[in-house]
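# Chains, contacts and geometry: an overview
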Amino acid sequence: MENKKKMIFNVLFLFLVFAATIYGVFHGEDLSEIAEILKTVNSYWLLPGVACVIIFIWGESIIIFYMMHTLGIHLKKWKCFLFSSVGFFFSCITPSATGGQPAQIYYMKKEKIPIPVSTLVLMIVTITYKMVLVVIGLGLMIFGRGFIRTHMYDIRHIFYLGTGLNVFCVSSMLLLVFHPRSILVKGMELLEKMHLMRYKSTRIEKLNASMDQYHTTAVYLKDHIMVLVNVFAITLFQRFALFTATWFVYKAFGMSGTNAFVIILLQSVISVSVDMLPLPGGMGISEKLFSMIFEPVFGSALLIPGMILSRGLGYYTELLISAIFTIVANFTIGRKHK
């Protein structure tokens, strides 16, 4: 019952944010003019953009397949693609992408994959997924100050916030993996002394149970350093594949003058900025940041059409593809065990 209420809330929240985003983007705009501009787009350039989205989803499935293999669990690649699709679909429709991994664990359990194993794999996927954003964010802050001043000065504070939140998230996860129990126990004792949390003996029991999983993750990482390096490399390729979709949108309008590196990096900046914000798919804020930093690239006339196609590929196409394969997963995953 509680899960149903949570799902209803997430769906309603998604539609509310979507409606607000549509209003914010198109309010005061000439819709017929936008439609006419979109008709002039060279759709052949959008096909590689769709391929980028598929590569993005496929990339995580390769990571899942690879890591499961290192743990002695042999899965078919198409099932790993379904697991990946499930994760992206529920991440797209839930605030801060919180619904993706629980859904993946549920479907993996239907395939008789032990929960500790699926949790370990997905925890490492999350760490490397966030770590790519941390590398981009810190890299720009340290080595790309000129780029920040030239291309994204007006949104630098949001970018710094997004980078800081991602650094905090990755640091916290690594801290919990390698020094879990003592830190959390001391933290809970402090909160109890400050009367911010009531003492409960069951809380320690739950903590001990969850810490076993963190310990397993730590042992795995220490014994499989090259696995982590390989997963990070795949994740880097995966994420930049999705960022590249915006460059194909740029070419679809027959434009030139801005090189691919700048466009791809600007799109990555949006991802770094919005990834940790409590909005499904970064809806609303992503469109706002796009309009602020891509106007010099697309120009005022093509900015809204460019935003529509870029977000259409980077979020809505991803949502559609992952939704289709989530339906497939619902009818195929775990069927042979029944």
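Residues numbered from 1 in each chain as written. Predicted model: local features only at pLDDT ≥ 70, side-chain atom pairs only at ≥ 80, totals over all residues. Heavy atoms only, no water.

Take the overall build of the protein next. Along its length, the protein carries 14 helices and zero strands. Written out in order from the N terminus, the α and β elements of the protein read α-α-α-α-α-α-α-α-α-α-α-α-α-α. Split by element, the accessible area of the protein, about 17500 Å² in all, is 68% carbon and sulfur. (Helix = DSSP H or I, 4+ residues; strand = E, 2+ residues; numbered from the N terminus. Areas by Shrake-Rupley, 256 points an atom, 1.4 Å probe, with all protein chains shown as cover.)

Here we come to the side chain of K130. Position of K130 relative to the elements: it lies in helix 6 (residues 115–143). Look at K130 and you get buried, because its relative accessible area is 10%. Discounting chain neighbours no more than four positions away, the residues touching K130 are N166, C169, V170, D275 and M276. (Buried < 20%, exposed > 50% of the residue type's maximum accessible area, 1.4 Å probe, protein only. Contact = heavy atoms within 4.5 Å.)

Evaluated as defined, the whole model comprises 16 aromatic pairs. Both rings, one in F240 and one in F243, keep their centres 5.4 Å apart while their planes meet at 85°; by these two values the pair is edge-to-face. Of the two residues, F240 and F243 both sit in helix 11 (residues 225–252), three residues apart, roughly one turn of that helix. Of the residues examined, F243 reaches a relative accessible area of 3% and is grouped as buried. Between F253 and F298 the ring centres are 6.2 Å apart and the planes differ by 85°, which places this aromatic pair in the edge-to-face class. Here F298 lies in helix 14 (residues 295–332) and F253 lies in the loop between helix 11 and helix 12 (260–274), a separation of 45 residues in the sequence. The same class applies to F253 and to F298, which are both buried. Clustering of aromatic rings is evident, with ring pairs tying together Y250, F253, F290, F294 and F298. Seen from the ring of F65, K77 lies directly overhead, with NZ or CZ sitting 5.3 Å from the centre. For the cation-ring pair, R156 lies above Y153, with the distance from its terminal atom to the ring centre recorded as 3.7 Å. (Phe/Tyr/Trp six-rings, centres within 6.5 Å; stacked < 30°, edge-to-face > 60°. Lys NZ or Arg CZ within 6 Å of the ring centre and 35° of its normal.)

With that settled, consider the nonpolar core. If you look at the biggest cluster of nonpolar residues, it comprises 46 residues, and the most contacted ones within it are L140, M152, F253, F294 and F298. Every element with two or more residues in this core is listed here: helix 2 (31–39), helix 3 (46–70), helix 6, helix 7 (145–151), helix 11, helix 12, helix 13 (285–293) and helix 14. Sorting elements by how many residues they give to this core places helix 12 first, with nine residues. Ignoring any residue separated from it by four or fewer positions in sequence, one finds F253 in contact with I37, V41, F298, L302, P305, G306 and L309. With 35 residues, the next largest nonpolar core counts M68, C80, V117 and L120 among its residues. (Core = buried A, V, L, I, M, F, W, Y, C linked by side-chain atoms within 4.5 Å.)

Turning our eyes to something else, we now look at the packing of helix 3 against helix 14. With their axes 10 Å apart at the nearest point, helix 3 and helix 14 run at an angle of 50° to one another. Considered as vectors, helix 3 and helix 14 are oriented oblique to each other. Crossing of helix 3 over helix 14 shows right-handed handedness. Residues L46, G49, V50, V53, I54, F56 and I57 of helix 3 form the contact with helix 14, whose own contacting residues are L309, L313, T317, E318, I321 and S322. Among the residues forming the contact of helix 3 with helix 14, the class breakdown is nine nonpolar, three polar and one charged. (Axes fitted to C-alpha atoms, helices over the stretch in contact; angles between N-to-C directions. Parallel < 35°, antiparallel > 145°, perpendicular 65-115°, else oblique. Left-handed = near helix turned anticlockwise from the far one by under 90°. Nonpolar A, V, L, I, M, F, W, Y, C, P; charged D, E, K, R; others polar.)

This part covers the confidence of the model for the protein. In the predicted model, the protein carries a mean pLDDT of 82, and 77% of its residues have values of at least 70. Looking at the elements of the protein, mean pLDDT is at its lowest for helix 9 (residues 180–193), recorded as 62, and at its highest for helix 12, recorded as 93. (pLDDT = per-residue confidence, 0-100.)

For the rest of this paragraph, the subject is the environment of Q267. Tracing the backbone shows Q267 in helix 12. Taking C-alpha positions, Q267 is 7.1 Å from T246, a pair spaced 21 residues apart along the chain. The residues touching Q267, leaving out its near neighbours within four places in the chain, are F243, T246, F290, F294 and S310.

Residues I54, W58 and F237 make up a contiguous nonpolar surface patch of roughly 320 Å² in combined accessible area. Counting through the fold element by element, F237 comes out in helix 11. (Patch = residues over 30% accessible without salt bridge, like charges linked within 9 Å, V, L, I, M, F, W, Y side chains within 5 Å. Salt bridge = Lys/Arg side-chain N within 4 Å of Asp/Glu carboxyl O.)

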